[in-house]
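# Architecture at a glance
Spelled out from the first residue to the last, the chains are:
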Amino acid sequence: MKLTTILASAILILFGFFATVYAFSGFSLLLFVCAGNVIVYRALLSLAGVAAAWLLFWLIAFRPLRFLS
């Protein structure tokens, strides 16, 4: 479970980097990495959605921030 959480975090950090490049330059680095294939592009975007859903579940179920008050 810890490995899954680390992997999901890494995926979201990578997609955040792709989004930053797109926001500053208008160049879609993710589409470039997918070689212009829209099906692979959408599959990777859905992977980011699954990673975000996993991290949301992890934050709700395990409450890693509860002792920070």
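Presented here is an overview of the structure given in this document. Positions within a chain are numbered from 1, following the residues in the order the chain's sequence is written. The model is predicted, so local features are restricted to residues of pLDDT at least 70 and side-chain atom pairs to those at 80 or more, both for listing and for counting; the totals for chains, interfaces and linings are taken over all residues. Excluding hydrogens and water, the side-chain figures rest on all heavy atoms present in the structure.

A word on the nonpolar core. Residue types Ala, Val, Leu, Ile, Met, Phe, Trp, Tyr and Cys, when buried and joined through side-chain atoms within 4.5 Å, form a set referred to as a nonpolar core. The classification of residues rests on relative accessible area computed with a 1.4 Å probe and restricted to protein chains. Under 20% of the type maximum is buried, over 50% is exposed, and intermediate values are partly exposed. With 10 residues, the main nonpolar core is built from Ala-8, Ile-11, Phe-15, Phe-18, Leu-29, Leu-30, Cys-34, Ala-48, Ala-51 and Leu-55. Per the convention used, a helix needs a DSSP run of H or I reaching at least four residues, while a strand needs a run of E reaching at least two, with both numbered from the N terminus. Elements with a contribution of two residues or more to this core: helix 1 (2-25), helix 2 (29-33) and helix 3 (38-62). It is helix 1 that provides the largest number of residues to this core, a total of four residues. Here a residue-residue contact requires only that any non-hydrogen atoms of the pair lie within 4.5 Å. With residues near it in sequence (within four places) discarded, Cys-34 still touches Val-40, Tyr-41 and Leu-44.

Moving on to a nonpolar patch on the surface. Excluding any residue in a salt bridge, patches collect residues exceeding 30% relative accessible area, merging like charges within 9 Å and nonpolar Val, Leu, Ile, Met, Phe, Trp and Tyr side chains within 5 Å. Reported accessibility uses the Shrake-Rupley method at a 1.4 Å probe radius. Residues are deemed covered only where the shown protein chains occlude them. Within this document, salt bridges are pairs made up of a side-chain nitrogen of Lys or Arg and a carboxyl oxygen of Asp or Glu, the two lying within 4 Å of each other. On the surface, Met-1, Phe-57 and Phe-62 cluster together into a nonpolar patch covering about 310 Å² of accessible area. For Phe-62, the position within the fold is in helix 3.

Moving on, we get to unusual backbone geometry. For Ala-35, which is not a glycine, the phi torsion comes out positive at approximately 60°. With respect to the helices, strands and loops of the structure, Ala-35 is situated in the loop between helix 2 and helix 3. At Arg-63, a residue that is not glycine, the phi angle is positive and equals roughly 40°. Position of Arg-63 relative to the elements: it lies in the segment after helix 3. Of the residues examined, Arg-63 reaches a relative accessible area of 52% and is grouped as exposed.

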